[in-house]
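Topology and contacts: notes
Each chain, letter by letter, is given below.
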Amino acid sequence: LPSPAGREDGDPYRTYRRVGTVMAVALLALVLVELTRNALHPTDRDFLSFWSAGRLALAGVPAEAYDREALRAVQAGAATLSRGELPFPYPPAFLLLVAPFALLPFPAAMAAWVAVTFVPFFIAVRRLFPASGWLAAAFRPLFVSAAIGQNAGLTAAVFAGDLLLLPRRPFAAGLLLGC
């Protein structure tokens, strides 16, 4: 019998994975371009809210992360502001997560944030779908999230990790989901 789709190796999805890998490389290259642009001319991307709140927490005044004027003053010192407000609407516990990034200058912190939050996502998705190649990196909303420094990579990593843990370790999956 001939292999599916006429493939000699019996893998009908090989071509799609190759196209997905090319798309993933292209999107990751675009992320690098955006991060480089931000390094050269820092602007008010969403991550600026996280970074500024982390700076205030490290300065010993974490409550000021919720003070509009204090937060905006830190933001204005790090980037060109063109939008209205970039508030910090997250719970105080989120400061523990973003404060270490505030030790770095804003552009470097944003690049580190993207790497630290997206690498676990890619690892978890690869473990969930081992035959998928790097298709998860070809998902355009990930580019948008990385370009503005949002927390979608982290959220998606938590959900993917939860799906990995759920069948064998439901209690650990519940703890992770609670995060």
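Some points on the overall build of the chain
A count of helical and extended segments in the chain gives eight helices and zero strands. Tracing the chain from N to C terminus, the helices and strands come up as α-α-α-α-α-α-α-α. Summarising its shape, the C-alpha atoms of the chain cover approximately 70 × 40 × 25 Å along the three principal directions. For the chain, restricting intrachain contacts to residue pairs at least 6 apart in sequence, the fraction spanning at least 24 positions comes to 66%. Counting every atom, the chain has about 10,400 Å² of accessible surface; 69% of that belongs to carbon and sulfur.

Overview of the environment of I123
Looking at where I123 falls in the secondary structure, it is placed in helix α5 (residues 106–128). A C-alpha to C-alpha distance of 11 Å links I123 and L164, two positions 41 residues apart in sequence.

As for the confidence of the model for the chain
Averaged over every residue, the pLDDT of the chain is 86; residues scoring 70 or more account for 95%. For the chain, per-element mean pLDDT is lowest for helix α6 (residues 140–148), which scores 84, and highest for helix α2 (residues 47–58), which scores 95.

Thoughts on the packing of aromatic side chains
Two descriptors summarise a pair of aromatic rings, namely the distance from one centre to the other and the angle between the planes of the rings. Considering all chains together, one arrives at 15 aromatic pairs under this definition. Ring plane angle 65° and centroid distance 5.4 Å describe the contact between F50 and W113, whose orientation is recorded as edge-to-face. Highlighted residues: F50 in helix α2 and W113 in helix α5, separated in sequence by 63 residues. An identical accessibility class is assigned to F50 and W113; each is buried. Here Y90 and F94 contribute two aromatic rings whose centre-to-centre distance is 4.6 Å and whose plane-to-plane angle is 25°, an arrangement assigned as stacked. These aromatic residues form a ring-pair network of at least three members: F47, F50, W51, Y66, F88, Y90, F94, F101, F106 and W113.

Let's talk about the packing of helix α7 (residues 152–165) against helix α8 (residues 170–178)
One way to put it is that α7 packs onto α8 with a least axis distance of 8 Å and a crossing angle of 170°. One way to sum up the angle between α7 and α8 is to call them roughly antiparallel. Where α7 abuts α8, its residues V158, F159, G161, D162 and L165 lie against P170, A172, A173, G174, L176 and L177. Grouping the amino acids of the contact of α7 with α8 by side-chain chemistry returns eight nonpolar, two polar and one charged.

Focus: helix α3 (residues 68–78)
For α3, the set of buried residues is A70, L71, Q75 and A78. One side of α3 carries all its buried residues, which in axial view fall inside an arc of 135°. Exposed residues lying more than 90 degrees from the buried face of α3 are R68, E69, A73 and G77. The secondary structure elements touched by the buried residues of α3 are α2 and α5.

Side note on the pattern of salt bridges
Should the charged atoms of two oppositely charged side chains come close, the side chains can pair. One pass over the full model with this rule turns up three salt bridges. Across the pair E34 and R37 runs a salt bridge, and its minimum N-O distance is 2.8 Å. With E34 and R37 both in helix α1 (residues 14–40) and three residues apart, this pair spans about one turn of that helix. Because the salt bridges share partners, they merge into one network encompassing E34, R37 and R45.

Basis of the calculations
- All chains use their own residue numbering, which begins from 1 and follows the written sequence.
- Two thresholds apply to this predicted model, a pLDDT of at least 70 for residue-level local features and 80 or more for giving and counting side-chain atom pairs, whereas whole-chain, interface and lining totals are computed over all residues.
- Note: side-chain values were computed over all heavy atoms of the structure, leaving out hydrogens and water.
- Helix and strand definitions follow DSSP, with helices as H or I runs of at least four residues and strands as E runs of at least two, each counted in order from the N terminus.
- Residues are treated as being in contact if the distance between any of their heavy atoms lies within 4.5 Å.
- Surface accessibility in these figures is a Shrake-Rupley result with a 1.4 Å probe; residues are shielded only by whichever protein chains are displayed.
- Predictor confidence is given residue by residue as pLDDT, running from a minimum of 0 to a maximum of 100.
- Any two rings among Phe, Tyr and Trp, with Trp reduced to its six-membered ring, count as a pair given centres within 6.5 Å; such a pair is stacked if its planes are under 30 degrees apart, edge-to-face if over 60, and tilted if neither.
- We call a residue buried when its accessible area falls under 20% of the maximum for its residue type, exposed when it is over 50%, and partly exposed in between, using a 1.4 Å probe and counting protein chains only.
- Geometry is summarised by axes, namely lines fitted to C-alpha atoms with helices restricted to the contacting stretch, and by angles between N-to-C directions that run from 0 to 180 degrees.
- Every angle not falling under 35 degrees, over 145, or within 65 to 115 is termed oblique; those three ranges are roughly parallel, roughly antiparallel and roughly perpendicular.
- Think of it as three bins: nonpolar holds Ala, Val, Leu, Ile, Met, Phe, Trp, Tyr, Cys and Pro, charged holds Asp, Glu, Lys and Arg, and polar takes everything else, Gly as well.
- For this quantity, the arc is that covered by the directions from the helix axis to the C-beta atoms.
- The salt bridge definition used is simple: a Lys or Arg side-chain nitrogen within 4 Å of an Asp or Glu carboxyl oxygen.

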